[in-house]
Structures are given as structure tokens and as C-alpha cells.
Amino acid sequence: MSPLEGTTQSVRLVHATAEYFVEGVPLQGHPLLLNSQLERLPAPNDYLYTLRCHEGLSPSTVNTYAWGLYDFFSWVEANREDWTRPSDPRNPLATPLLARYRNWQTQLSMSSGQPSLATIRHYLTVCRGFYKWASKEGLLSAELPLVRVSTKRKSKQASSPNAGSPAKGLPPQRGFAPKCMSLDQIKAVNSSIKNARDRLMVIFALGSGLRRSEIISFPAHLIPDHVPCTSAIDRISIDISPCPKGPAGESVMHIKGNVRRRIYVDAKIIEALSHYKAIGSGVVAARKYEDTYGAKPPRLFLSETGRPLANTHLNRICSRVTDTVGFAVWPHLLRHTFATHELLVESMRRPQIKALMWVRDRLGHANIATTQIYTSLLSELLPNEANTYQSYLSTLI
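A separate point is the overall build of the chain. For the chain, the helix and strand inventory stands at 16 helices and six strands. Taking all 397 residues of the chain together, the buried fraction comes to 46%. A separation of at least 24 residues holds for 67% of the contacts in the chain among residues at least 6 apart in sequence. Of the accessible surface of the chain, which amounts to about 19,900 Å², a share of 52% is contributed by carbon and sulfur atoms.

Its identity is not glycine, yet L38 carries a phi of approximately 60°, on the positive side. With respect to the helices, strands and loops of the structure, L38 is situated in the loop between strand 4 (31-35) and helix 2 (42-54). Residue classification places L38 among the partly exposed positions, given a relative accessible area of 49%. The phi torsion at N258 lies on the positive side, around 55°, for a residue other than glycine. As for its placement among the helices and strands, N258 is situated in the loop between strand 5 (235-240) and strand 6 (261-266). By relative accessible area, N258 is classed as exposed at 53%.

This brings us to helix 3 (residues 59-78). An ideal rise of 1.5 Å per residue puts 28 Å on 20 residues; helix 3 measures up with 28 Å between its terminal C-alpha atoms. After helix 3 finishes, the residue R80 shows a positive phi value of roughly 55°.

Here the focus is the nonpolar core. F204, F218, L273 and F301 are the most contacted members of the largest nonpolar core, which has 61 residues in total. In terms of residue count, the dominant contributor to this core is helix 8 (residues 196-208) (seven residues). When neighbours within four sequence positions are excluded, F218 is seen to be in contact with F204, L210, I223, I238, I240, M253, P298, R299 and L300. The next biggest cluster of nonpolar side chains, apart from the first, holds 32 residues, and it includes V11, L41, V76 and W83.

Between its terminal C-alpha atoms helix 4 (residues 97-112) stretches 23 Å, which fits the 22 Å expected from 16 residues at 1.5 Å a residue. When we look at burial in helix 4, the residues that qualify are L97, L98, A99, Y101, R102, W104, Q105 and S109. As for helix 4, its buried residues are in contact with helix 3 and helix 5 (117-136). Downstream of helix 4 by one or two residues, G113 has phi in the positive range, about 85°.

Conventions used here
- Residues numbered from 1 in each chain as written.
- Predicted model: local features only at pLDDT ≥ 70, side-chain atom pairs only at ≥ 80, totals over all residues.
- Heavy atoms only, no water.
- Helix = DSSP H or I, 4+ residues; strand = E, 2+ residues; numbered from the N terminus.
- Buried < 20%, exposed > 50% of the residue type's maximum accessible area, 1.4 Å probe, protein only.
- Contact = heavy atoms within 4.5 Å.
- Areas by Shrake-Rupley, 256 points an atom, 1.4 Å probe, with all protein chains shown as cover.
- Expected span 1.5 Å × (residues − 1).
- Core = buried A, V, L, I, M, F, W, Y, C linked by side-chain atoms within 4.5 Å.

Written as C-alpha cells, this is what we have:
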């Protein structure tokens, strides 16, 4: 199987406008998969509609399914595969289609670090659900094989000679090893971003640990107009919780699980966000939004034309950064980096279990075992990075 090439040119993922109705149901923002001729792909789009309107999945969940199908059908189109033939009845020993897709994704992850194994598992789960639906609908021209689609990798915690042992009394650690950027890498990332808004979004993510969707949908009203900044290490607390949708139908403060939490952000970063909102480029975008929708924008970050940013905007920033700096950068890496540095600082102040609880609450994890994965990275940080992370971020603004 040759490497995948030109995936984004063969299949496109778009989102419906307010004028899009199916069977009288408005589906603004609903994901649609199109081929290279901009024609809808019947089967995956029918499946997404079934998930949304018949099975009652939320729009955000359906969107995650759409990204999985987008990746799979891009691979199918680029390699001229027939998705309706998941197996070859003429050759029972041939590798099934989903297994070939899994193998390609895993090889790509091992060589470049992207996509993560968690993403691969999600995509494979989406594909498996799609094929079960397609089989029931009679869309397959070959029998659906029973393929093991899980992927496993030996935990870096166990294999790394620098990895520390889990502290006594802590829950078992999960078999996933995140990555973390050094201060030099953060500097390289910051220098590669030319757009002031995009650069501020990345610094905000690094300084707060917010998820991609939370950065994109962050409410403007949570940023004060005036910030009393008495010291470079002062941090300002912000209580975040879901907000009503905006006039354009955009989600505002989209939080996983709708769990409220408190974050702490360096005052210099908040000051920069306030400047962007009050007298920076954000003002022009806000006026354009108000001219279009007749109301003030509920989101802090907008496009240059005054429209809500796409949920994938931070992904595109990271993709461009990756091409420039020479190492893989993705939105969740920003969150991993914050969490690791935050845990390091808190572990120097209090027992590790309490430090983990602090970081868990900042990140909004439901289980402390999820937070504990960051203990495997503490030994990889340089000693001079222990108490300089937040203050270093403020110098990049």
C-alpha cells in the first residue's frame, strides 16, 4: 500500500449554512463530505444524518464522527479503494480494508507522531460503526469481516529510563504518554506565527491549559477591560462555564461535559487579551460582526471578516507551525505542555497527590488517573524551567 497523498484534494469536509434543511429539519453547521467535484458522498452523509436526526447525537459529537469519516474516505479516494468491498471474497487471506487503513495510520503515527493513537482508535471506531450501518442498509458488495481495529503501543512510562515510578497511593497510570514542549520549542513556535491574533491564541492555550474548543469559543465578557498588573508572576482567576449560543449560531464557551471550573492565567496574558479586545485588531473584527448580526460578538476571537472562527482554526495554525519549525505541533500539545509545567511547579510546593488534584481541577479532568499521565514527563524538563514557565510566556507577548 503506497503512502496517502493528496487527501484534502480528493474529499472535502464542509459545514452547512442556515439555509440547509433536510426533511424540513434545519441543520445549520451539520458536516457534509464532498468529493473532488463538490458533490456529496451519499453513504457517509446519510450515516451522519442518521446519527444526528435518528439516533439523537449532539452536533459536536456528529462533527467528531465526520472528521473520522473524512480521514477514512480521503484515504480510500487517494488509494483508489472500493469502500463497499471491506474484504476480498476471492482471496480470504488478503488484508481487509479497515486493517490496511489501520496499518497505514499506525505507521504514520510512529514516524511523525501524528495522528495520536487515541485519534486512530477514534477514527477506527467511527469506521466500524459506519460499516455496521452500511451492512444493515445493504450497501456492501462483500462480507464485512471481523477485524481487530485496536492499536497498542508500549507505554513510554515503562520503556523510558528517565521515567519516574508512580507515587504510592495514586491510581494506576494509563498507557498513554503525552508530549511536552521545552521553552526553546515554545519560542520557535511563537516566532513562526505571524498573525497577532493566532499568536495570542496559542499563548493563551499554553498559559491556561484550555482545550481547543474552549479557546475558539472563549467568551469576550470574561476578559476585563482593565487589568491591574502588579507583578509578572501574578495570575488572575477566571470561572468558566457554558454560555448560550451567539447570534450566528456559534457555541460560546464550549466545555467538554459542561463541567464548570476555575482557571488561573498570568496577568500579562490577560492584559494582552484585554488589549486585543479593546484597542487591538479584535475591535475591527467585533464591529464587522455587529454590522452583520446586529449584536456584539459573544466570542473573544473572530476572523478578519468578523465571523466566528471555525472549530478547526487552531488545528490549521498548528499545521502551519509544524511545517515551519520542523517538529509536530497540534492543539492538544499546548494543553499537555501547560499541564506538565503546572504539575512540576505544584509538586515542588505540596505532596504530589495534592499537586495532581490541583492540575486535575484546572484541566477539568473527570478522573485523576487522566491527570497522572503527566508525571511521566516531569523528568524531561530542565531544572531551570521549574519556575520560569508562566513568566517566560509573558515575555513572548
